[in-house]
Amino acid sequence: MPLHSKDKGVNMGSLRDAIVNDERVVIVDHPLVQHKLSILRDEATTTKHFRELVGELAIFEGYEATRDFPLEDIEIKTPLEKCTAKQVEGKKVAIIPILRAGLGMVDGLLQLVPTARVGHVGMYRDPETHEPHEYYCKFPQDIDKRTCLVVDPMLATGGSAILAIERLRKEGVKDIRLLVLVAAPEGIQAVLENDPNVKVYTCSVDTKLSDTAYILPGLGDAGDRIFGTK
Ligand code: PRP
Ligand code: URA
């Protein structure tokens, strides 16, 4: 059960501290990321600009989430001479956006890893219970052999990410990395409690969830802001 800030006895300050210090959580806080995130949060930001920023921030996160990819030596010839150079060692990657909002991060990540396959998990949160409901799922056939980058701008209660990660584990995926732009401490905690072997990348660990399970201060409804709905 995801933890809500309204639950009694939860000290949000110490939960947030614990999350920030957890080695499975990477906070991508480059100055340009923080600058772009502020514009993303601003309610005055247009749909076009919002969409562009989500794509740009996905590239920064992808840069960190692929930092440990192994390299191998190759022999090449520059216009001047032969030399030994590096290339990424046959790593198979799948990008798994959680629909809808995760779609906004796919193109940025494909710029970094153009050979990646893309699987989709369609989910919506029930407006009353905030429980996720799956309506679509399609993965590459060899998904179990791939490093999976699960992408969604928002990690609130964690319910949607948990369901997506469970689907991938059932397919036999071993290496799962969750890339979000804004996370509530409760959501990160829920994801890691449910699956201790996931690594979480976020640009910010925000303060807490609201009574309606929105991230505070957050940025509102990411899907609506990316696609200009509502
Ligand atoms: C949003 C968001 C996440 C989910 C996060 O999607 O993009 O998928 O909520 O909340 P959780 O951590 O509490 O599960 P939403 O269900 O609003 O669907 P949408 O992307 O189609 O707008
Ligand atoms: N989904 C969003 O898009 N935003 C939130 O703050 C929570 C869930």
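Worth saying up front: this structure is predicted, and the values here are computed from it rather than measured.

Reading guide: rules and limits
Residues numbered from 1 in each chain as written. Chains lettered and ligands numbered in written order. Predicted model: local features only at pLDDT ≥ 70, side-chain atom pairs only at ≥ 80, totals over all residues. Heavy atoms only, no water. Helix = DSSP H or I, 4+ residues; strand = E, 2+ residues; numbered from the N terminus. Expected span 1.5 Å × (residues − 1). Contact = heavy atoms within 4.5 Å. Axes fitted to C-alpha atoms, helices over the stretch in contact; angles between N-to-C directions. Parallel < 35°, antiparallel > 145°, perpendicular 65-115°, else oblique. Left-handed = near helix turned anticlockwise from the far one by under 90°. Nonpolar A, V, L, I, M, F, W, Y, C, P; charged D, E, K, R; others polar. Core = buried A, V, L, I, M, F, W, Y, C linked by side-chain atoms within 4.5 Å. Buried < 20%, exposed > 50% of the residue type's maximum accessible area, 1.4 Å probe, protein only. Patch = residues over 30% accessible without salt bridge, like charges linked within 9 Å, V, L, I, M, F, W, Y side chains within 5 Å. Areas by Shrake-Rupley, 256 points an atom, 1.4 Å probe, with all protein chains shown as cover. Salt bridge = Lys/Arg side-chain N within 4 Å of Asp/Glu carboxyl O. Near = heavy atom within 4 Å. Polar contact = N/O pair within 3.5 Å; in protein donor to acceptor, adjacent residues only side chain to side chain. 1 Å grid on protein atoms, 1.4 Å probe; cavity = no way out; pocket = protein on both sides within 12 Å on 5 of 7 lines; lining within 4 Å. Sits in = over half its atoms within 2 Å of the grid points. pLDDT = per-residue confidence, 0-100. Phe/Tyr/Trp six-rings, centres within 6.5 Å; stacked < 30°, edge-to-face > 60°. Lys NZ or Arg CZ within 6 Å of the ring centre and 35° of its normal.

Brief notes about helix α3 (residues 47-65)
With 19 residues, α3 should cover 27 Å at 1.5 Å per step; its first-to-last C-alpha distance of 27 Å lies within 8% of that length. Looking at the buried residues of α3, the elements they touch are α2 (31-41), α4 (103-112), β10 (176-179), β12 (199-202) and α7 (222-227).

Side note on the packing of helix α5 (residues 159-170) against helix α6 (residues 185-194)
Axis separation between α5 and α6 bottoms out at 9 Å; the angle between their running directions is 25°. Taken together, α5 and α6 sit at an angle that is classed as roughly parallel. Regarding α5 and α6, the two cross each other, and that crossing is right-handed. Contact with α5, carried on its side by A161, I162, I165 and E166, involves A190, V191 and N194 of α6 and no other residues of that element. Residues of the contact of α5 with α6, tallied by class, amount to five nonpolar, one polar and one charged.

Details of unusual backbone geometry
Of the consecutive residues L99 and R100, the connecting peptide bond is found in the cis state with omega at -5°. You can see R100 is positioned in the loop between β4 (93-99) and α4. Residue P217 is reached from L216 by a cis peptide bond, and omega for that bond is -5°.

A short note on the nonpolar core
By size, the foremost hydrophobic cluster in this structure holds 35 residues, and its most contacted members are L40, L179 and L181. When residues of this core are traced back to their parent elements, those giving at least two are α2, α3, β4, α4, β8 (147-151) and α7. For this core, the leading source of residues is α3, giving six residues. With residues near it in sequence (within four places) discarded, L179 still touches E61, G62, A65, M105, L109, L149, V150, V151, D152 and Y201. Core analysis: the second largest hydrophobic core is formed by 31 residues, F139, I162, A164 and L178 among them.

Description of a nonpolar patch on the surface
Taken together, Y124, Y135 and Y136 make up a surface patch of nonpolar side chains, about 340 Å² in accessible area. Along the chain, Y124 falls in strand β6 (residues 120-125).

Section: the site of ligand 1
Close to ligand 1 lie 17 residues; R125, D152, T157, G158 and S160 are nearest. A distance of 2.9 Å separates an oxygen atom of ligand 1 from a polar backbone atom of A156. T157 is positioned such that a nitrogen or oxygen atom in its side chain is 2.6 Å from an oxygen atom of ligand 1. Alone, ligand 1 offers 500 Å² of accessible surface; in the complex the protein occludes 90% of this. Among the detected pockets, ligand 1 sits in the largest pocket. By residue number, the principal contributor to the shell around ligand 1 is β6, which donates three residues.

A look at the confidence of the model for the protein chain
On average, the protein chain scores 94 in pLDDT, and the residues at 70 or more come to 96%. pLDDT under 50 marks residues 1-8. Its contacts with residues more than four places away, or in other chains, come to 18 contacts.

Topic: the site of ligand 2
Surveying the vicinity of ligand 2 reveals the residues R125, M154, A156, A213, Y214, I215, G220, D221 and A222. One nitrogen or oxygen atom from the main chain of G220 is found 2.7 Å from a nitrogen atom belonging to ligand 2. Backbone polar atom of A222 to an oxygen atom of ligand 2: 2.8 Å apart, as the coordinates give it. Here ligand 2, which alone exposes 240 Å², has 88% of that area covered by the protein. When each cavity is represented as a set of grid points, ligand 2 is found to reside in the largest pocket.

Considerations on the packing of aromatic side chains
For the coordinates displayed, the defined rule picks out one aromatic pair. The aromatic ring of F69 is capped on one face by K91, whose charged end is 5.1 Å from the ring centroid. Its guanidinium or amino end placed over the ring of Y214, R125 lies 5.5 Å from that ring's centre, counting from NZ or CZ.

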